[in-house]
Structure formats: structure tokens, C-alpha cells
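# Coordinate analysis (summary)
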Amino acid sequence: MKTLVGQLLIAVPQLLDPNFRQTVVLIVRHNDEGAVGLVLNRQAPLKFNTVWEKLCNEPCPLEAPLYVGGPCGGPLMALHQIPDQSEIEVLPELYFTSDIQQIREVLEQQADPLRLFGGYAGWGPGQLEDELNAGGWHVHAAEPAQIFAANDALWESLIRGMRGKSQLADWLGIKHIPPAPWLN
């Protein structure tokens, strides 16, 4: 099995599951036991510092957005560039941790860039491969700039980039993919 660690899963426009519709997921773990990913383009309604202060009963050293990493509950998680505070190297110079003490160290070091998550996307053995074979996701190489950039339009820009210049939408000058294109 070829690992997908460090790859982006880009939801196809026809994917209707509300947990993953128009999402971009970075795969941080993938092996025979399944896969773990983080949704990059779904910001949570709460700021990270609010969650940190409630969870740890201590002030948070920085104010940052929190992202909904997926529909599965779990610990706080971080993507950053500090190798000593990591569990997994996802890409060269991109690290993942869910260890609260490592996250505390990352916060104290005022790491920049930094992306913080609550929740994750998880797949059991063979489940992600089945979804890929069914055509539910596009797979695309991840770049750190995509992971740490403002991600409001990440899904749309990646889908548009994959379509190429010979598509009818480009010929007609269509610039926006609606949230539910099948309803138009």
C-alpha cells in the first residue's frame, strides 16, 4: 500500500456528505490500520485561545483561529515547523502533534506558521482506499503554503486548478463554483 501522508484529499463537487462537502483534507497518518487527516478549510466558531483556557485552566500565550479538523472528536492538534515538538513529520519541515505538552511548547515558542485543530477525519482499514476507488476524492500533493495560508477559497482554487484551461466554465468566464452545483 502506498502511503498518502502529506497528500491533500480534495472533495469532488458531487460529494454530498456535509462533513466533507467542499473540503480539503491533509493526510497526516496512513497505514494498514487506516488513515487520519485534518480538514484545512473549515474554521471553528471559537478562537483557539478560548478553547485552550477552558481546557487547560491557564492563559493562552497567543490568539489564533481554531479549525475543525473533521467529524471525529479528539484532542487538540497542531501543524507547525518545530521538529523537536512533533509526533510525525508530514512533509519536509511540516510537523504534526496532538501531545498537549508539545502544543504548549509550540505556543510558548510563538511558532509561526501554526495551524491548530479540534477534531479530525478518520478512516478504518481500507475505508479511504474504497472512497478513492469510488471517486469521492481527488489526491493532490500538498505544499506548506497551502496548509498555512488563509483557506477560505482553498477548495475552489484547487478544483479550478485541476480542471485546466480547456473546460467550458473557463471558456464562459464562470469564476465561482456554487456550493451545490447540482441544484442549478
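Residues numbered from 1 in each chain as written. Predicted model: local features only at pLDDT ≥ 70, side-chain atom pairs only at ≥ 80, totals over all residues. Heavy atoms only, no water.

The next subject is the overall build of the protein chain. Across its full length, the protein chain carries six helices and 10 strands. Sorting the 184 residues of the protein chain into buried and exposed places 43% on the buried side. Restricting the contact set of the protein chain to residue pairs at least 6 apart, pairs at least 24 apart contribute 62%. Of the roughly 9700 Å² of accessible surface on the protein chain, a fraction of 53% belongs to carbon and sulfur atoms. (Helix = DSSP H or I, 4+ residues; strand = E, 2+ residues; numbered from the N terminus. Buried < 20%, exposed > 50% of the residue type's maximum accessible area, 1.4 Å probe, protein only. Contact = heavy atoms within 4.5 Å. Areas by Shrake-Rupley, 256 points an atom, 1.4 Å probe, with all protein chains shown as cover.)

A few words now on the packing of aromatic side chains. Enumeration over the complete set of coordinates arrives at five aromatic pairs. Look at Phe48 and Trp52: their rings are 5.8 Å apart centre to centre, the planes differ by 40°, and that puts the pair in the tilted class. In this pair, Phe48 and Trp52 are both assigned in helix H1 (residues 48–56), four residues apart and thus about one turn of the helix distant. Residue Phe48 shares its accessibility class with Trp52, and that shared class is buried. (Phe/Tyr/Trp six-rings, centres within 6.5 Å; stacked < 30°, edge-to-face > 60°.)

Turning to H1, a few remarks are in order. An α-helical turn contains 3.6 residues, so any two residues separated by three or four positions project in the same direction. Those residues of H1 lying buried are Phe48, Asn49, Val51, Trp52 and Cys56. Angularly, the buried residues of H1 cover 160° about the axis, an arc narrow enough to put them on a single face. Looking at the buried side of H1, the elements it contacts are strand E4 (43–47), strand E5 (65–68), strand E6 (72–80), helix H2 (100–108) and strand E9 (115–123). Immediately beyond the C-terminal end of H1, within one or two residues, lies Asn57, with a positive phi of roughly 55°. (Arc of directions from axis to C-beta.)

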